[in-house]
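Residue-level structural notes
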Amino acid sequence: MSTETTKTQKVFRILLGSLMTLAGVGHLTFQRDEFQAQVPNWLPTEPAFIDFVVLASGVVEILFGLSMIFLVRHKVKVGLALALFYVLIFPGNISQYTNGIDAFGLDTDGKRFIRLFFQPVLILWALWSTGALKSLLKKGTK
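Residues numbered from 1 in each chain as written. Predicted model: local features only at pLDDT ≥ 70, side-chain atom pairs only at ≥ 80, totals over all residues. Heavy atoms only, no water.

1. A closer look at the packing of aromatic side chains
All told, the structure shown has seven aromatic pairs when counted by the stated rule. When the centroid spacing of 6.0 Å and the interplanar angle of 70° are considered together, the rings of Phe12 and Trp125 count as edge-to-face. Taken as a pair, Phe12 in helix α1 (residues 7-28) and Trp125 in helix α6 (residues 118-130) lie far apart in primary sequence, 113 residues in all. We classify Trp125 as buried; its relative accessible area is 19%. Here the aromatic rings of Phe113 and Phe117 are separated by 5.2 Å at their centres, their planes lie at 80°, and the arrangement is edge-to-face. Residue Phe117 is classed as exposed on the basis of its relative accessible area of 54%. Members of the aromatic cluster, each reached through a chain of ring pairs, are Phe12, Trp125 and Trp128. (Phe/Tyr/Trp six-rings, centres within 6.5 Å; stacked < 30°, edge-to-face > 60°. Helix = DSSP H or I, 4+ residues; strand = E, 2+ residues; numbered from the N terminus. Buried < 20%, exposed > 50% of the residue type's maximum accessible area, 1.4 Å probe, protein only.)

Written out as structure tokens, the structure is:
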């Protein structure tokens, strides 16, 4: 399930992969506290569980980042999986907004609200840069 992509798409795929890898490293190290604040409060609130969620999602983000960069033959599948991951973590962004949680410089309701609109951008970025969007549209017309 591979499809040809342009040089621009390749650059954006590698950029997104790099950002995902950096975010994953941040989960494990320098932004760990910030990511802990993102864990929705409808999940168990024990500090050990919250830390596990942050560490596990960091590992997943690193794997997605590296996959976006290096698993070129599987880029469509990786793009689909990453888009799904972005959908699955969106409740954390909603929780940050609805509960007024300060993290990553998002210290007002307005900033937290605006951030909600970036999740669809990330989803489309993952799908477009990997050729997954083209693949999905092609299947939809058959």
